[in-house]
Amino acid sequence: MSAEIESYSTERQIFKPGRNFQKRAIISGPQSWDAAIRKAEKNPEAFWETAARELLWRKPWKKALQWKPPFARWFVGGKLNVSENCLDRHLDGPRRHKVAVFWEGENGERRSYTYWQLHRETARFANVLKSLGVAKGDCVAIYLPTIPELAVAMLAASRIGAVHNVIFGGFSAEALKERILDAKAKVLVTADGGFRKGAVVALKACADEALKSCPGVAKVVVVKRCGTEVAWEPRRDVWWHEAMAAAGASCPPEALDSEHPLFILYTSGSTGKPKGILHTTGGYLTQVALTTKWIFDLKDADVFWCTADIGWITGHSYVVYGPLANGATLLMYEGAPLHPQPDRFWQIVERYGVTVFYTAPTAIRMFIRLGEKWPARHDLSSLRLLGTVGEPINPEAWRWYHRVIGAGRCPVVDTWWQTETGGIMISPLPGATALKPGSASRPFPGISADVVDRDGVPVPAGQGGYLVVKRPWPGMLRTIHGDPERYKSQYWSQIPGAYFTGDGARKDKDGYFWIMGRIDDVIKVSGHRLGTAEIESTLVAHAQVAEAAVVGRPDDVTGESIVAFVTLQSEYHPDAKLGETLKEYVAKNIGAIARPAEVRFTEALPKTRSGKIMRRLLREIASNGQVKGDVTTLEDFSVLARLREEE
Ligand code: PRX
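The shown structure was predicted, so the numbers you read here are calculated from the model rather than taken from an experiment.

K.L.:
So what's going on with the environment of Ser 317? Residues and values would help.
P.N.:
Here Ser 317 lies in helix α11 (residues 313-325). On the accessibility criterion, Ser 317 (0% relative accessible area) is buried. Along the chain, Ser 317 and Arg 553 lie 236 residues apart, while their C-alpha atoms are 29 Å from each other.

Next up, the structure:
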C-alpha cells in the first residue's frame, strides 16, 4: 500500500433527479434515500432480512447473521434455490411468457427466451449435468462466449447445487487450466468457438489444450456456436444439442442451505496466483436482487442491458442473477461493441427498445473518441437510465454519456463494487440522489463503507484514505477457495477491524465518495482487473528474461495500459522483435487482455534496500519520464538514471 493518498478532484457540478423520473422511481426523492440509509444504519440485519423476504425460501432462516470475524454466514439455517428464484417463481403469473432474455450474436443471429422457455432449458441442462455425474457440491467449469447457453449452464448448476466456475472466453488455455485445476472442476462446458470482431475465437481448441493437464475433468459439453471443425475426444466430449435432446425437461430445484456455495470466480490480486472468490447462495442473491431493483429502478416494462461479459462478476450479478431474480427482461450481446461498425451498441438499443443501459467508462471513452455521429444515427429515446462500473469515470466522460447517450434526460448511476463484494456497494439511487459526475455518491443502505487511515481511523472530509467496509454484508465473498489464510490476510488484516478494498478514496463534505482507484499492485485495463505480479511471473518464465516489473500508465481510452520493464539474462540483448515476442508471450499465457502496450528493456530495476521493486518510480517513468517522489530508500541511483536515459 502506498503511504500517502492525495486527492485533487474538485468537481462541483450537481444533477438532481428529473421530476418525471422521480415520480415513477422505486425509491423516490432524497428523503426516501436518507430514510432508507438511516433505517438500515440502525439495524442493518433487519434491513437485509426485509430484502431477503422478497425471495422464495424453502425454509426460513433462524438468524440473519453469524459473524465470526472474518467469516460471515447470512440467513443461517435458511434454505432456497437460486434457479427457482430466478425462474420457477415467475411462472405462476403474468411473467410466465414474458421475454426473459433477448440475445443477439455478433454475426447478427437473434434469439429470445421467455421465462417458461428459459426454465425448460435450464431444467434440461440440469438433467444433462446429472447424467454426466455432476452431484451437489461438484464444480462445473464454464468457458463460453456470451450466449444464452452460458446463463442456462449457470442456472442449471445452481439448480442441482453444483458450483459454477465461469472462465472468461478471452483467457488462454494456460489460464483456463489453472482455474480448472484450482477449482477441481469435474465437467467443462464450452463451445466450438465464439464470434469476436468478426473472427472465430477457437474455444474448444483452447479447452483441448488446457485439458491435457486436467485429468479431473471427465466430461466436456460442447455448444455448436460457429459450426467450425473441432477435434473430438469421443469418450469425453458430448454435443450440447444432442445431450439436451436426450434429457427430460423436468428437474425439481434442490433446496440448498443459504451458505451453500453458488460459484467461484477467479480474479487478480497483488500476488501471481489468481484468487478463487467464493460466493454463496442466500446472501448473494439477496444483495444482487435488491441492488438491481433499487439502483436500476427495474420494472416489468424495462429492457435491461448490462454490456459486461458474463465471464466477469458484473455479468454474473447484473446480466444473469439480478435481472432474473427480479423477473426482468434482459439483453445479452455476444460480440465487440464496434463490430461491424461503431454504432453496433446504439443499433441494439434502438432495435430492442433498451431502457436501462449499464456499461464501463472505457467503452464510453472509446465512443467519445469515435464521435457523436454514431449514436446520432439511432433513436435512443427508449433509454431512461444509464449506469457505469469497473473503474473511475472522469467527469468529462460522465457528462458526455449524460448529454449524448442520455440526451440530458437519463440519470447516470456510477456504481462502485468488486468481484469480492458480489453486488453494488456504493451508488446513487436514480430517483433520489443528486448526482455529482465522477462520484459514486454514498454507500447503499446497509453497507458501512468508509474512508480511513492506516489505523482504521476515519479521515476528515476532503482527505484521501483507504476505502474500507466495516461490517459484513450479505453478498460478501466468504473466502478464497482453498485458502482461508489468504482471505484473512488479503482482506481483513491490512486495516484494523475492517475489510480493505484495495482502493483509495475520499469523502466530500456531503458524504459522497470519490474513488481514486487501486492502491495495491492491481491495474485496470479497459475495466479488466490484472495483477502486475501475474504478468511479471509470466514474463520471467520466458527463457530470455531475468527480471520484470509491470506497471500501469494512464491511458485516455482504456484507463490504464500495461508497461513492462524487463531485464534480460546476460547472454541476450534487447531488440524490437524480442519486445513483440514478449508481448505475444504474455497474451498467449494469460489472454489478450494482459498484452503489454509497451516493453522496455533495462539493465536493472530500481529497488529498495530490502530488495522490493519500486513500482512507484517505474509508474512515474512510464507515465511522464520523470521521477518526483522520494528516492531515499533506493538502492542504486544509477539504475534510475539509466532508466531515464533509455527513454
Ligand atoms: O478499483 C475499483 C474498480 O474496480 C475494482 C474491482 O474490480 P473487479 O473485481 O474486476 O470488479 C469490477 C466490476 C464490479 C475496484 O476495486 N471499480 C469498480 N467500480 C468502480 C471502480 N472504480 C471507480 N468507480 C467505480 N464505479
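K.L.:
Residues and numbers for the pairing of strand β11 (residues 219-223), please.
P.N.:
In terms of burial, β11 is largely enclosed, as four of its five residues are buried. Relative to strand β12 (residues 237-239), β11 runs parallel, the two sharing three bridges. For Val 221, the partnering residue across the bridge sits in β12 and is Val 238.

K.L.:
Please give an account of the pairing of strand β14 (residues 261-267) that cites residues and values.
P.N.:
Counting buried positions along β14 gives six out of seven residues, so the element sits mostly inside the fold. As judged from the six bridges shared by β14 and strand β15 (residues 275-280), these two strands associate in the antiparallel manner. Bridge assignment links Pro 261 to a residue of β15, and that residue is Thr 280.

K.L.:
Can you break down the packing of helix α17 (residues 532-540) against helix α18 (residues 576-589) residue by residue, with the values?
P.N.:
Following both chains from N to C, one finds α17 and α18 inclined at 115°, their axes separated by 10 Å at the closest point. The crossing of α17 and α18 is right-handed. Here Ile 535, Thr 538 and Leu 539 of α17 come into contact with α18, specifically with Leu 582, Tyr 585, Val 586 and Asn 589. Its residues assigned to classes, the contact of α17 with α18 comprises five nonpolar, two polar and no charged.

K.L.:
Could you give me a rundown of the environment of His 119, with the residues and numbers involved?
P.N.:
With respect to the helices, strands and loops of the structure, His 119 is situated in helix α5 (residues 115-131). The spatial distance from the C-alpha of His 119 to the C-alpha of Gly 93 is 14 Å, given a sequence separation of 26 residues. In this structure, His 119 is in contact with Leu 87, Asp 88, Leu 91 and Arg 159, ignoring residues within four places of it in sequence. In terms of polar contacts, His 119 uses its side chain to reach the side chain of Arg 159, at 3.4 Å.

K.L.:
Run through unusual backbone geometry, naming residues and quoting values.
P.N.:
Cis geometry marks the peptide bond from Pro 69 to Pro 70, where omega comes out at -5°. Tracing the backbone through its elements, the reader meets Pro 70 in the loop between β1 (63-68) and β2 (71-76). A cis amide bond, omega -5°, links His 339 with the succeeding residue Pro 340. By secondary structure assignment, the location of Pro 340 is in the loop between β17 (329-333) and α12 (344-352). If you check the backbone angles, Phe 75 has positive phi at about 55° while not being a glycine. Structurally, Phe 75 is set in strand β2. The backbone of Lys 197 sits at a positive phi, close to 50°, despite the residue not being glycine.

K.L.:
Kindly report on the pattern of salt bridges, identifying the contributing residues and their values.
P.N.:
Applying the stated criterion to the full structure yields 46 salt bridges. Arg 110 is the partner of Glu 104 in a salt bridge, and the nearest nitrogen-oxygen pair spans 3.7 Å. Sharing partners across several salt bridges, the network here consists of Glu 104, Arg 110, Arg 344 and Arg 351.

K.L.:
Tell me about the sheet that holds strand β24 (residues 499-507), and please be specific about residues and values.
P.N.:
Sheet architecture is open: four strands sit in the order β21-β22-β24-β25, paired in antiparallel fashion. The open sheet has two edge strands with one neighbour each: β21 (449-452) and β25 (513-518). Neighbouring strand axes in the sheet, compared pairwise and without regard to direction, differ in orientation by 45° on average. As paired elements, β21 and strand β22 (residues 464-469) share four bridges and run antiparallel to each other. Within β22, the position partnered with Val 452 by the bridge is Tyr 466.

K.L.:
Quick one: what's the story with the site of the ligand, residue by residue and with numbers?
P.N.:
Taken together, 17 residues lie near the ligand, and Asp 414, Thr 415, Thr 419, Lys 524 and Arg 529 sit nearest. Between Asp 414 and the ligand, the recorded distance is 2.7 Å, taken from a side-chain N or O atom to a nitrogen atom. Within the side chain of Asp 503, a nitrogen or oxygen atom sits 2.8 Å from an oxygen atom of the ligand. Relative to its free-state accessible area of 540 Å², the ligand is covered by the protein chains to the extent of 95%. Elements supplying a minimum of two residues to the shell around the ligand: α11, β20 (412-415) and β25.

Conventions we followed
Residues numbered from 1 in each chain as written. Predicted model: local features only at pLDDT ≥ 70, side-chain atom pairs only at ≥ 80, totals over all residues. Heavy atoms only, no water. Helix = DSSP H or I, 4+ residues; strand = E, 2+ residues; numbered from the N terminus. Buried < 20%, exposed > 50% of the residue type's maximum accessible area, 1.4 Å probe, protein only. Pairing = 2+ DSSP bridges. Axes fitted to C-alpha atoms, helices over the stretch in contact; angles between N-to-C directions. Left-handed = near helix turned anticlockwise from the far one by under 90°. Contact = heavy atoms within 4.5 Å. Nonpolar A, V, L, I, M, F, W, Y, C, P; charged D, E, K, R; others polar. Polar contact = N/O pair within 3.5 Å; in protein donor to acceptor, adjacent residues only side chain to side chain. Salt bridge = Lys/Arg side-chain N within 4 Å of Asp/Glu carboxyl O. Near = heavy atom within 4 Å. Areas by Shrake-Rupley, 256 points an atom, 1.4 Å probe, with all protein chains shown as cover.

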